Amino acid sequence: MKQKLLDYFEVEKLGSTVRREILAGFTTFISMAYILFVNPSVLGAAGMDKGAVFTATALASALGCILMGALARYPIATAPALGINAFFAYSVVIGMKIPWQTALAGVFVASLIFILITIFKLREMIIDAIPADLKYAISGGIGLFIAFLGLSNGKLITANKSTIVGLGSLENPLVWLTIFGLIVTAILMVKKVPGGIFIGMVLTIILGLVTGQIKAPSRLISLAPSLKPTFGVAIMHVGDINTLQLAVVVLTFLLVTFFDTAGTLVGLANQAGFMKDNKMPRVGKALASDSTAMLVGSVLGTSPVGAYVESSAGIAVGGRTGITAITTGVMFLVGMIFSPLLSVVTDQVTAPALIIVGVLMAQSLKNINWSKLEIAIPSFLIMIGMPLTYSISDGIALGFIMYPITMIAAHRGKEVSPIMYGLFFVFIGFMWILNVG
């Protein structure tokens, strides 16, 4: 049985070990465990029960991770996506004054459409149609984006009215905790110490506890909160989606989650070396896994689920198979019981890992043909757009709109696939609806 599992996940073929895969899964979980606390806080602002959202977040994340690992056999974790949860709470519920129950029904409908276009392989066709250079730009852009997240979360850079962003205050002891973690993790990675990112996190936690910058949990175990306030609400309110405004909301959930997940999958696949002939093997199963998790998540009571860039932390530790994702999924289930213990994983603990992983992912930018401006300009817009708009999908939109324009200008319009021309119009309409309409 053990050998059959090793063969199924191709552990030896991919040059990994079960021990390394489990460590990678744990590292990924540690890197994204914050979502268990951030998601209830964000959706709580929309009037949803925080306890129910906590449990829904854990269960939806676990399901997505286990499906991704078991079916697609990728070391890629899923959870309710950051950004789209803020759109759900602040734009849809608070801004448009749409009840959270109806907004949740919108997520449910969007996930049903997702599953349909996945079954008909439309999502797979779109991902395969993206040129290799733009895929490298997506991977590198995600690297810059998560490094920016790490620098911001660790308070090494902060908002500045004069210059938009600026260096954080060195008088803040939390900044020094981030600096310590960054230096230690960098040294471990340069010396090629196995599990360097994870060890760096542990050492940062220890320093934080010793110096009092991280508060020790008062208890280790607590029961998971009840799902009753949110369970099944999405299905009961599907009939409320009966206006053009709500149709736009469903479309937005669909497009943002589609391209956030597609971009993340491509970026992580590049990082792990999975791409073959500009195609991602088993991408259909990967997309089916996140679609199913999004559908179930909406029924449980959470915003759209998607692939997580923090999976890159596990990949950097050596995770190459589905065992990594399954381990992360199991940890989400365990996390429901040991929720007080997760409080020691602060932003300063995960920030150095995100910064280092950003460096690793940015290496894909060397593969872009920078000598051809028709390629370089859209690639650069994708790369720089992600951190500066604070959105993977917005960065992709900027590059995908520019790509056909520059290719036509270079008399290479015939090389642009019909799908990429179609996406040009889709993104123009999407940006107009989101920002003007």
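Residues numbered from 1 in each chain as written. Predicted model: local features only at pLDDT ≥ 70, side-chain atom pairs only at ≥ 80, totals over all residues. Heavy atoms only, no water.

Can you break down the overall build of the protein residue by residue, with the values?
Scanning the protein from terminus to terminus reveals 19 helices and 4 strands. Taking 2.2 N^0.38 as the reference for a compact globule, 437 residues should give roughly 22 Å; the C-alpha atoms of the protein span a radius of gyration of 21 Å, in line with that estimate. In terms of its C-alpha atoms, the protein occupies a principal-axis envelope of roughly 60 × 60 × 55 Å. Buried positions account for 55% of the 437 residues belonging to the protein. Of all intrachain contacts in the protein linking residues separated by at least 6 positions in sequence, the fraction that spans at least 24 positions is 80%. Put simply, the protein shows about 18,300 Å² of open surface, and 69% of that area lies on carbon and sulfur atoms. (Helix = DSSP H or I, 4+ residues; strand = E, 2+ residues; numbered from the N terminus. Rg over C-alpha atoms; globule rule 2.2 N^0.38 Å. Buried < 20%, exposed > 50% of the residue type's maximum accessible area, 1.4 Å probe, protein only. Contact = heavy atoms within 4.5 Å. Areas by Shrake-Rupley, 256 points an atom, 1.4 Å probe, with all protein chains shown as cover.)

Before we move on, could you go through the packing of helix α7 (residues 122-129) against helix α13 (residues 283-300) and cite the residues and values that matter?
Between α7 and α13, the shortest axis-to-axis distance is 9 Å and the interhelical angle comes to 125°. Here α7 lies oblique to α13, going by the angle between them. Considering only the axes of α7 and α13, their crossing is right-handed. The residues of α13 that touch α7, namely those facing R123, E124 and I127, are V283, G284, L287, D290 and S291. (Axes fitted to C-alpha atoms, helices over the stretch in contact; angles between N-to-C directions. Parallel < 35°, antiparallel > 145°, perpendicular 65-115°, else oblique. Left-handed = near helix turned anticlockwise from the far one by under 90°.)

Describe the nonpolar core, naming the residues involved and giving the relevant values.
With 106 residues, the main nonpolar core has F88, F253, F259, F400 and F427 as its most contacted residues. In terms of residue count, the dominant contributor to this core is helix α12 (residues 244-272) (15 residues). Those residues within four positions of F400 in sequence are excluded, and the remaining contacts are I130, L134, I138, F259, I382, M420, L423, F424 and F427. The next biggest cluster of nonpolar side chains, apart from the first, holds 17 residues, and it includes M32, Y34, A77 and M331. (Core = buried A, V, L, I, M, F, W, Y, C linked by side-chain atoms within 4.5 Å.)

Give me the lowdown on the packing of helix α5 (residues 84-95) against α12, citing residues and values where you can.
Any two packed helices are characterised by how steeply their axes cross, that is the angle between the axes, and by the distance between the axes. Running from N to C, α5 and α12 cross one another at 160°; their axes reach a closest spacing of 11 Å. Our classification of the angle between α5 and α12 gives roughly antiparallel. Considering the relative orientation of α5 and α12, their crossing is right-handed. Contacts from I84, F87, F88 and V92 in α5 reach V249, T252, F253, V256 and T257 in α12. Across the contact of α5 with α12, the residue classes break down as 7 nonpolar, 2 polar and no charged. (Nonpolar A, V, L, I, M, F, W, Y, C, P; charged D, E, K, R; others polar.)

I'd like a rundown of α7, residues and numbers included.
Think of an α-helix as 3.6 residues a turn; residues three or four steps apart then line up on the same face. Listed as buried for α7 are R123, I126, I127 and A129. Around the axis of α7, the buried residues are gathered within 165° of arc, so they sit on the same side. (Arc of directions from axis to C-beta.)

Would you mind going over the packing of aromatic side chains in detail, with residue names and values included?
Following the criterion strictly, the structure yields 11 aromatic pairs and no others. Arranged with centres 5.0 Å apart and planes meeting at 80°, the rings of Y8 and F9 form a pair that is edge-to-face. The class of Y8 is partly exposed, set by a relative accessible area of 37%. For F9, a relative accessible area of 8% puts it in the buried group. With centroids separated by 5.8 Å and ring planes inclined at 90°, the aromatic side chains of F400 and F427 adopt a geometry described as edge-to-face. Here F400 is found in helix α18 (residues 392-409), whereas its partner F427 is found in helix α19 (residues 418-435), with 27 residues between them in sequence. For the residue pair F400 and F427, the accessibility class agrees, reading buried in each case. The ring of F258 has R123 sitting right over it, with the charged end atom 5.4 Å from the ring centre. Lying across the ring of Y74, R282 places its NZ or CZ 4.5 Å from the centre. (Phe/Tyr/Trp six-rings, centres within 6.5 Å; stacked < 30°, edge-to-face > 60°. Lys NZ or Arg CZ within 6 Å of the ring centre and 35° of its normal.)

If you had to explain unusual backbone geometry to someone new, which residues and values would you point to?
Trans is the common state for peptide bonds, and a negative phi is the common state for residues other than glycine. Phi at R73 is positive, roughly 60°, even though this residue is not glycine. Mapping R73 onto the fold places it in the loop between α4 (50-72) and β1 (78-80). Look at R73 and you get buried, because its relative accessible area is 18%. Despite not being glycine, K121 shows a phi value in the positive range, around 60°. Mapping K121 onto the fold places it in the loop between α6 (100-119) and α7.

Give a description of the pattern of salt bridges that names residues and reports values.
Taken as a whole and assessed by the stated rule, the structure comprises 4 salt bridges. With a shortest N-O distance of 3.4 Å, R123 and D290 are connected by a salt bridge. You can see R123 sitting in helix α7 and its partner D290 sitting in helix α13, a full 167 residues away along the chain. As far as the burial class goes, R123 and D290 line up, both buried. A salt bridge links R412 to E415, with the shortest nitrogen-to-oxygen separation between them at 2.9 Å. A relative accessible area of 51% places E415 in the exposed class. Here the salt bridges share partners, and the residues they tie into one network are E374, R412 and E415. (Salt bridge = Lys/Arg side-chain N within 4 Å of Asp/Glu carboxyl O.)

Tell me about the environment of S371, and please be specific about residues and values.
Along the chain, the position of S371 falls in the loop between α16 (347-362) and α17 (373-389). Sequence-wise, S371 and V11 are 360 residues apart; in three dimensions their C-alpha atoms are separated by 39 Å. A polar contact is formed between the side chain of S371 and the side chain of N369, at a distance of 2.6 Å. (Polar contact = N/O pair within 3.5 Å; in protein donor to acceptor, adjacent residues only side chain to side chain.)

Quick one: what's the story with the pairing of strand β2 (residues 157-160), residue by residue and with numbers?
Relative to strand β3 (residues 164-167), β2 runs antiparallel, the two being bridged by 4 bridges. Looking at β3, one finds that N160 is bridged to I164. Counted between consecutive antiparallel strands, the loop separating β2 from β3 contains 3 residues. (Pairing = 2+ DSSP bridges.)

Just give me the short version of the side chain of S289, but keep the residues and values in it.
Structurally, the position occupied by S289 is in helix α13. Overall, S289 belongs to the buried group, its relative accessible area being 1%. Sequence-distant contacts of S289, defined by excluding residues within four places in its chain, comprise L67, M68 and L71.

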